[in-house]
Amino acid sequence: MAGQGPQRCRSCRGALRRGHTGALCDPCARMARTYGRCPVPDGFYDQPTLRAALAAYDFGPVFRAVRLAAAMTQEDLGFLVGLTQSRVSAVERGGHRLRDVEVIARIAGALGIPGRLLGFDTAGGVAAGSVEKEVNWVDRRDFFSAVTAITLGAGAFPELERLEALLPTHQESPAPRRISHADVEAIEEATAAFRLSDNRHGGGLSRAAAVAQVGYVLKLQDSLCSDHVRATLLLATADLASTAAWMSYDVEEHDAARRLWMIALDTARRADHPRAADLTVNLLLDMAHQALHLNRPDEALRLAQLSSATATSHRYPVSATTHAYIATTISWARAMLGHAEPCRRAMDEAQHTYADADPASAPPWATPVFPTQANGVNAEIEAQRGHALFLLARTDPTHAPAAIEHLRRAVDGYGSAYARSRAVNLPGLSSSYFYTGDTDTAVAVGHEAICPASSFWLSFPCLKVVSSGLG
């Protein structure tokens, strides 16, 4: 094509000669053949200095030691681990800390670093896949067992400390020596602001700030304070981590969301606070919600059932709103499994429970039940019932008219403060119209679903995927 620039090497970005085949230039191709294997011998990382560096996730000494042992340049090492030379240099100087768990897993596999030295139980495995499998909370096989053990306080998971260590923090802002209730109030206010932003604009706009705030707030657990302040601190920290998890979920960062929810779950469990049970149950239901989005209804149902057992066995009570959220989540899981009657029973239980709930006394993290409008419509309850019917309609279209009735009320009832909630229900409403054969209305609602500004869709990529097939 006229005016098109030269093709460039995928690794060094240097210009490739005319007629060159392959994605790499000749020097990079030779390097790939040379360093396509672990460059150091077994036992190399058992040196005390390297063990200490890996325990602290300080890769500067590790990179320097590997390069010295293997006679590699920074460019060589960068090619092997998938980092630029400038980033390798920054890590070695101590000017940059590696915190992304997927990046660390990739480096561990490329350099043959045993997962145990990074705090992951991989039975001594050194391949990248073994470490990634261990740190990936979305796909790991023991996820439900880990959730159950943490919820019941029946086991210790050193990986949680490692996950906390990977969160970004304000390095220049050390934790105060002593904290008071005013500090906890500041955390609660920040969480409320993040939650408001997520409801209005989605998670993409302020997620990074929320995650960084979690990293800093976790450091406050070492500060001196009264027992009462510590209980409220743990609860506020768990709520902040949960909010950051939702924001990550909104932008399809599912593994990051699950890691944050696991941190929140463990923190809430340790809070001796009257609302600890309520938050713990909501965290389990949030993970069940994610499992439904990932098309894992069996996993979602198990999480919802665990939340129900936790609500009935915990020494602190759970709000009526949260009890209703349990029933709602069970109805969604049953609907995805095609269990129509159990789904309807759970929906009815949720509606009866909401009728007895006092929204004014519900905790801030509880599923929002909006005040009944003048026409008697409650947008959130209508949306929850409509979504369950939409899920049933995917296998039995006879449920579609009822789904339309409830979802239409919900979409029309959400105010501007809950643009997120309105947006997530439009695709289901459009699809329900398709199931009834009303293609014109389905297309119109589909266009309504994808019309918001592009920045809004950057905050909700999952909605873009759902809506992409609406015509």
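Up top is the structure.
Here goes a summary of the coordinates provided. Note that the coordinates shown come from a computational prediction; the quantities given were computed from them, not determined experimentally. (Residues numbered from 1 in each chain as written. Predicted model: local features only at pLDDT ≥ 70, side-chain atom pairs only at ≥ 80, totals over all residues. Heavy atoms only, no water.)

## Digging into the overall build of the protein chain
- Each helix and strand counted, the protein chain has 23 helices and zero strands in total.
- Buried residues in the protein chain amount to 52% of all 471 residues.
- Taking as baseline every contact in the protein chain between residues at least 6 positions apart, the subset at least 24 positions apart corresponds to 67%.
- As displayed, the protein chain has an accessible area near 21400 Å², and 52% of this comes from carbon and sulfur atoms. (Helix = DSSP H or I, 4+ residues; strand = E, 2+ residues; numbered from the N terminus. Buried < 20%, exposed > 50% of the residue type's maximum accessible area, 1.4 Å probe, protein only. Contact = heavy atoms within 4.5 Å. Areas by Shrake-Rupley, 256 points an atom, 1.4 Å probe, with all protein chains shown as cover.)

## Quick look at the packing of aromatic side chains
- All told, the structure shown has six aromatic pairs when counted by the stated rule.
- On the numbers, 5.1 Å between centres and 90° between planes, the contact of Phe44 with Tyr45 is edge-to-face. In this structure, Phe44 and Tyr45 share a single accessibility class: buried.
- Ring geometry for Trp246 versus Tyr249: centroids 5.0 Å apart, planes at 85°, classification edge-to-face. Within this pair, Trp246 and its partner Tyr249 are both found in helix H12 (residues 227-250), separated by three residues, close to a single helical turn.
- Judged by its relative accessible area of 16%, Trp246 is buried.
- Exposure remark for Tyr249: the relative accessible area of 5% places this residue in the buried category.
- An aromatic cluster of three or more residues is present, and its members are Trp246, Tyr249 and Trp261. (Phe/Tyr/Trp six-rings, centres within 6.5 Å; stacked < 30°, edge-to-face > 60°.)

## Some points on helix H19 (residues 400-413)
- The first and last C-alpha atoms of H19 sit 20 Å apart over 14 residues, in line with the 20 Å expected at 1.5 Å per residue.
- Where H19 is concerned, the buried positions are Ala400, Ala403, Ile404, His406, Leu407, Ala410, Val411 and Gly413.
- Against the buried residues of H19 lie helix H18 (379-393) and helix H20 (419-435). (Expected span 1.5 Å × (residues − 1).)

## Thoughts on the pattern of salt bridges
- Applying the stated rule across the entire model yields 14 salt bridges.
- Note that Asp46 and Arg51 form a salt bridge whose closest N and O atoms lie 3.2 Å from each other.
- One salt bridge in this structure joins Arg315 and Asp272, with 2.3 Å as the shortest N-O distance. On the criterion of sequence distance, the pair formed by Arg315 in the loop between helix H15 (297-313) and helix H16 (320-336) and Asp272 in the loop between helix H13 (254-269) and helix H14 (276-293) is long-range, its members being 43 residues apart.
- For Arg315, a relative accessible area of 62% corresponds to the exposed category.
- Among the charged side chains, a network of salt bridges with common partners joins Arg258, Arg296 and Glu299. (Salt bridge = Lys/Arg side-chain N within 4 Å of Asp/Glu carboxyl O.)

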